[in-house]
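The primary structure of each chain is shown beneath.
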Amino acid sequence: MELSMAVAKNFGGAFDLRTDFTVTGEQVGVFGVSGSGKSTLVGLLAGLIEPDHGEIVLDGDCLFSSGRGINVPPQERRVAIVFQDSCLFPHLSVESNLLFGYRRCPTRHRQIDVKALVSVLKLDGLLDRGVNRLSGGEKQRVALGRAILSNPRLLLMDESLSALDDALKLQIIHYLKRASEKFRIPYLFISHSLLEIRLLTDQVLTMGGGRVLGQTTPEQLARERMGQSQVGYINLLQVEKLRKMGGLYVYRWGMEELFVSAGDDGPMAVFELSSRDIILFTRHPEAVSARNLLKCTVMDTFPSGNKVGVELRCGHETLIAEVVVQAADDLAIQARHEVYAVIKASSFRRLS
Amino acid sequence: MPVLSSPDIDAIVLSLKVALTATLLSLPFGFLYAYLMTFFKFRAKVLLEVLVNLPLTLPPVVMGYLLLVALGKNGPLAPLLEPLGVRLIFTWKAAVLASALVGFPLLVRSIRLAMESIDGRLVQAARTLGAGSVDTLLTVILPLSRTGIVAGSSLMFARSMGEFGATIIVAGNIPGITRTIPLAIYDYAGSPGGEQAALLLCAVAVALSVLVLLVHESLTRKLTRRQ
């Protein structure tokens, strides 16, 4: 997918949006706080809002051009949206909702098999139901299916996960990734959640005040935001359960063993660990109450606000810790130095 | 036990015929008008709004008189109707027209309420899923306005059954041709010894109104449950 948008839209002085970017990729994020213009961007791209002037080109096709007098109507753009609160048609069954776009898609564009999609999204048992008798997660799965079945060339996920709790969020993320890869549909994932952006995209446009501020990778964005964020940098640790010991769970993380209090009996899990919950020692601390002591190598350091981020390598895994500037100076933390990372068992937060 | 006379039955049948025709004729226009007013912005909106709602506040007699002037032999609409051989004044069709004009704002009001309660993003979703505006109107907006359409139609039907002022001027009060229930009651009330017959027709009017309201209520409930 290659998208370029050089457009301006003014909402009577209250808000104005100006963009000029080109982005290429299959899983692109748009990150920004509410009011930064993300939803306006979605509306402009889908044809629901008409720009004052400018040009929108998707995969070589011009969707809008004020200069050439082109404005492709939304129904012909093949750009489908999944909204925050599913927006299913309340007067139709799940099946009719799913087929709404499919039936209207010209035969030459119909590449997705309905049965295959229904099974990928696990919608088999729901088809005859009315949409008001679905749970939040089911609704969003149907909305995703409905959008994909319209055979779009681009899927817009407009804060599609924001209304869901963590467990459902991960479930939908899993479905979205599978469906997008299986049916080769690129998506633009719009969110104010850095976590969602990191889990779902490989590059990201940052927005603020109606402008696209930059284009970067989710990892880079997370590091830049570490200093100003309330929660620091969130490390995502994919782990495998080994055993239970006393009140603690023992997980394998790469080549290390981790002691975690908030574990459960699932064989696999993803844990969040804030960069703020990692304490660094330059020498082996003889006795600490924290249950996890990892020997790591400093790979890199980077400034972020008044903090210094420290990229650590433990075995094959990477961990980001943060220290204040003075601490970094005192400890003389530099690349290739060895340090000990100390983490309390209660600092891990379960995601799934 | 009082019984309905043959002219009374004629009046009842005529009332039902006029009210039903007026409602059915107005429905497509009412729906389109509500759609225009809910989903579009245009310059003459306020003016159109005032014109359509005028019959709500205007005395029906004034409506009737203006219709009479407009449709009359030398009226502004005469050159339009005459070549077609259409004569409206003092026929039951004039009663339909009068009822339609007076009941239209009630019909539109309910449909608009229903349309305004439709989440705008449902319409947007339909558009991005490949439905054009007419397609969206028929497959999303129309079914989601059902409650309003039913409610508005029944209100308009009931209002048409009771139309008096405009009808008597533009359609007259001709027994068997344009004399509806209200006109018949008016006749009985003015003639000595007509109390019994007048009361009987009143009872019929009350019964019909109650019936319409009951149907309206049960349909609305059914639709809200489905939605």
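Since we're looking at a predicted model, the values are computed, not measured.

> Mind showing me how you'd approach the overall build of chain A here?
Helix and strand content of chain A: 9 helices and 21 strands. In terms of overall dimensions, chain A has C-alpha extents of about 70 × 45 × 30 Å along its principal axes. When each of the 352 residues of chain A is scored for burial, the buried share is 53%. A separation threshold of at least 6 residues defines the contact pool for chain A, and within that pool the share at least 24 residues apart is 67%. Carbon and sulfur atoms make up 47% of the accessible area of chain A, which amounts to about 15,700 Å² in all. Of the side chains in chain A, 41 bear a positive and 40 a negative charge, and the two mean positions are spaced by 4 Å.

> Help me understand the UniProt feature "transmembrane region" (unreviewed entry) in chain B in this model?
Residues and elements named next belong to chain B. With numbering aligned to this structure, UniProt lists the feature "transmembrane region" (unreviewed entry) at residues 12-34, 46-68, 88-108, 164-185 and 197-216. Along residues 164-185 the backbone is 50% helical and 0% strand, and the end-to-end C-alpha distance reaches 10 Å. Secondary structure over residues 197-216 splits into 100% helix and 0% strand, and the C-alpha atoms at its two ends are 29 Å apart.

> Whenever I open this one, the sheet that holds strand β19 (residues 317-324) of chain A confuses me. Can you help?
By definition, the strands of a sheet pair up through backbone hydrogen bonds, in either a parallel or an antiparallel sense. Residue and element names in this part refer to chain A. Read from one edge of the open sheet, 5 strands run β16-β20-β17-β18-β19, paired in antiparallel fashion. The sheet is open, and its two edges are formed by β16 (278-281) and β19, each paired on a single side. Adjacent strand axes in the sheet meet at a mean angle of 45°, parallel and antiparallel pairs treated alike. Sheet topology note: the strand β17 (residues 292-304)/strand β20 (residues 338-343) ladder contains 6 bridges and is antiparallel. Looking at β20, one finds that Thr297 is bridged to Glu338. On top of the sheet, helix α8 (residues 218-225) reaches β17, β18 (307-314) and β19; it is set at about 85° to β17, its chief contact.

> How should I be thinking about the pairing of strand β10 (residues 203-208) of chain A in this particular structure?
Regular strands show a simple pattern: their side chains alternate between the two faces of the sheet. All names here are of chain A. Counting buried positions along β10 gives 6 out of 6 residues, so the element sits mostly inside the fold. The two faces of β10 match: Gln203, Leu205 and Met207 on one face and Val204, Thr206 and Gly208 on the other face are all buried. Where strand β3 (residues 27-31) and β10 come together, 4 bridges link them in parallel fashion. Across the sheet, the residue bridging to Phe31 is Thr206, located in β10. As judged from the 5 bridges shared by β10 and strand β11 (residues 211-216), these two strands associate in the antiparallel manner. Directly across from Val204, in β11, lies its bridge partner Thr216. Between β10 and β11, which follow one another and run antiparallel, lie 2 residues, and Gly209 among them has a positive phi close to 55°.

The rules behind each value
- Residues numbered from 1 in each chain as written.
- Chains lettered and ligands numbered in written order.
- Predicted model: local features only at pLDDT ≥ 70, side-chain atom pairs only at ≥ 80, totals over all residues.
- Heavy atoms only, no water.
- Helix = DSSP H or I, 4+ residues; strand = E, 2+ residues; numbered from the N terminus.
- Buried < 20%, exposed > 50% of the residue type's maximum accessible area, 1.4 Å probe, protein only.
- Contact = heavy atoms within 4.5 Å.
- Areas by Shrake-Rupley, 256 points an atom, 1.4 Å probe, with all protein chains shown as cover.
- Lys, Arg positive; Asp, Glu negative; His and termini not counted.
- Charge placed at Lys NZ, Arg CZ, Asp CG, Glu CD.
- UniProt positions renumbered as here; feature names shortened; annotations may be inferred.
- Pairing = 2+ DSSP bridges.
- Axes fitted to C-alpha atoms, helices over the stretch in contact; angles between N-to-C directions.

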